[in-house]
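Inside the fold
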Amino acid sequence: TLLQLKSLQAKESKEDPFGAPTYAQLAQAYAEFVKMPSEELRDLPVLRSPVTLTMGAVELKTPWIGGSFMTRGWNGGIPAPTIRVKPGETLQVLLKNNLGHGPGYEACNLDNAQLGLFMNPDSICDLNTTNLHVHGLHVSPEGDSDNIFKKVAPGNSTEYTIQIPKNHMGGTHWYHPHHHHATAAQAGGGAHGAIIVDDPPGYLPKFVEDMPEKLAFLSLVNVAKMMRLENWGNSRLDAVVWNQTLWKNSLYKNWKWDPLSLVVEEHGNAIKDGAGLKPYVAVNGQFRPKTTIKEGKWYRFRFVLAAIEQRVEIRVDPTAKNQARCEFQLLAKDGVYLNEAPRPIEKIFLVSGSRADVAIRCVCQPSFMFPWATTRPCESHLTYTAIWQPMGLGDTGLAVTVEETTDRMLTLVTESSVAPTPTMDPEIEPFAVRRPCYLADLTKVTVAKENTHSVDLPQLYPMMIKVDGKGYVWGHEQPPALAEIPVGQIQEWHVTGIRYHPLHVHVNPYQITSIYNDPYYHIGDWHDTFFPTGTGFATIRFNIDTFTGKMITHCHLLEHEDNGMMGWFKITGKEGTTWAGAKTYDPTCYNEAFPGAVAPKKPVVWR
């Protein structure tokens, strides 16, 4: 905050010897930033298949510290356009790589032996080679589909053909590059966009289907982290002076980096004055925007978080002027509707890669100073707290907060055409959607012993994923499979280490079947990215449905992934096989196109 920055000014009364801005300059930039008027939240461009995505250099403004940076993005914007698809459609993508050639950007040092041990320059490399991952979609991981092994070098292009299953649930997902050793710099640096799978007509109750939608794509901009990634990706620490083309600050043109003095610092403060370069959340590419809503009306907000490593908690700032009272009702997480929706929540919890669909309704209320009067329009500030907790305490599940940043994210301006009593939408009645069979409830299933595994994301180095005690660091070459798992069967994983390593799995979402005392993750919820706050262990189950090939799993702290904390499972069997027991546990589930909603059961009438 500004006060924190001012308290640090006494530590530095002259220019830093490496050319970084002083605390006084950073404080002045932040003071000017908070005075800027809020822009209306913009709607992102929407694309439908066929889609062309062009990777190139994009300017990212950083007004809270002054100046701007050059980073990587698609189609000239951060975030990229939103892609919308329907169940059963084929998503065709032409991916062009317009990034430039240069030393350190197209190769990795294959002789490096430190991968997985400590964050080091040769785990961050090949930064201008790219590809595409459709995060959250239940699609094939092979061929020209969601295949992270495809490589698109600078100046080249490739095509993706992604078949969306007919029974794919509607939901909120996202896309980003997934080229190993370059994911943090690219996906965390700005190359990301939303994918929305449309709900079939009649899938949702009418009052939910009719809610106006607002997409809030959150890009957590971590300047200090990106500066270090770029330096490592090019110079390998063999040059003291940092002089990249990308990520050069336009306001402080002599900004240089001394890797020799700070190389032992693993996270966050790898730049002189790094304490002044706090991360900041951009919403649809804007900082501190506002969006106008009608008083008493429900809106469906689709939240997506792209970040290198921090998690974010979103809540209403209780100190805002003309405070509106806002309700949060959770509808879906990670693109899957709750078994029973809605669920009232006080804050929205997002970790790198996760999504939340939340119904929000606001009403104006009397102020504390003038309890007899209600001011309209009124507003509420949604604030974010970005938290970084890299260190756990053994197997306790507790984690130590190393860095925490809180600031305003989005202002909800609540207008009313009728005063003093506006029209109020009714309360959201509890509802449950008809589910595709790959999302049939697994909480009561008996899982075969051979399909039960322990999966550990260890706190200590080397960084790897262990399955039944065995694991590999994913270095410059693809390691062996962690295990073979059959398609059309249920898997049960007992996972540990998830208090400090969010678990992400490609292809198949998983259901939480056991967890202890977590306020956001409940038994029965479905996810593809999982980072509980109250415990470091849980049990999850998968329906290994339809698709064979390589199912990737990794820590979604992207720097950890690039450093080797990633593995893969070989899904064996016949492509297209589905679980035979699905309709036993959910008789209304479907494997083809949505057949229509199930008629609600009539209440029992006693005679």
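So, how was this worked out
Residues numbered from 1 in each chain as written. Predicted model: local features only at pLDDT ≥ 70, side-chain atom pairs only at ≥ 80, totals over all residues. Heavy atoms only, no water. Pairing = 2+ DSSP bridges. Helix = DSSP H or I, 4+ residues; strand = E, 2+ residues; numbered from the N terminus. Disulfide = S-S within 2.5 Å. Buried < 20%, exposed > 50% of the residue type's maximum accessible area, 1.4 Å probe, protein only. Phe/Tyr/Trp six-rings, centres within 6.5 Å; stacked < 30°, edge-to-face > 60°. Lys NZ or Arg CZ within 6 Å of the ring centre and 35° of its normal.

1. Section: the sheet that holds strand 9 (residues 193-197)
Taken together, 5 strands build an open sheet; the order of strands is 1-4-9-8-6 and the sheet is mixed. The strands lining the two open edges of the sheet, one partner per strand, are strand 1 (46-47) and strand 6 (133-135). In the sheet, strand 8 (residues 171-176) pairs with strand 9 via 5 bridges, with the strands oriented antiparallel. Within strand 9, the position partnered with W174 by the bridge is A194.

2. A closer look at the state of the cysteines
Going through the model one piece at a time under the given rule, you end up with 3 disulfides. Residue pairing for C326: its cysteine sulfur links by disulfide to C362, the two sulfurs lying 2.1 Å apart. Here the S-S torsion is close to 110 degrees, and the disulfide linking C326 with C362 is therefore right-handed. Placement of the pair is C326 in strand 15 (residues 324-333) and C362 in strand 19 (residues 355-364), with a sequence separation of 36 residues. Take C326: its relative accessible area is 17%, and that puts it in the buried class. In this structure C362 comes out as buried when scored by relative accessible area, which is 0%. The side chain of C364 participates in a disulfide bridge whose partner is C378; the two sulfur atoms lie 2.0 Å from each other. One quick way to see it: the torsion about the S-S bond of C364 and C378 is about -90 degrees, and its sign makes the bridge left-handed. Pair noted here: C364 is in strand 19 and C378 is in strand 20 (residues 378-388), with a separation of 14 residues, a long-range link.

3. Let's talk about unusual backbone geometry
With an omega of 0 degrees, the peptide bond running from S49 to P50 counts as cis. Locating P50 in the fold gives a position in the loop between strand 1 and strand 2 (51-61). Although it is not a glycine, H181 adopts a positive phi angle of roughly 80 degrees. For H181, the position within the fold is in the loop between strand 8 and helix 3 (183-187). We classify H181 as buried; its relative accessible area is 3%. Positive phi outside glycine occurs at N284, with the angle close to 55 degrees. By the secondary structure assignment, N284 is in the loop between strand 11 (280-283) and strand 12 (290-294).

4. Considerations on the packing of aromatic side chains
Tallying each qualifying case throughout the model produces 24 aromatic pairs. The interplanar angle of 85 degrees and the centroid separation of 5.2 Å between the aromatic rings of F33 and Y280 together place this pair among those described as edge-to-face. Within this pair, whereas F33 is found in helix 2 (residues 23-34), its partner Y280 is found in strand 11, the two being separated by 247 residues in sequence. Accessibility classification places F33 together with Y280 in one group, the buried group. In this structure an aromatic cluster arises from ring pairing among F349, W493, Y510, Y520, Y521, F530, F542 and F569. A cation sits over an aromatic face here: K150 above Y160, 4.3 Å from the ring centre.

5. What to know about the sheet that holds strand 30 (residues 510-515)
Spatial ordering of the open sheet is given by 26-25-24-28-33-30-31, a layout of 7 strands whose pairing is mixed. Edge positions in the sheet fall to strand 26 (470-472) and strand 31 (526-527), since each of these pairs with one other strand and no more. In this structure, strand 30 lies alongside strand 31, joined through 2 bridges in antiparallel fashion. Following the sheet pairing, Q511 is matched in strand 31 by W526.

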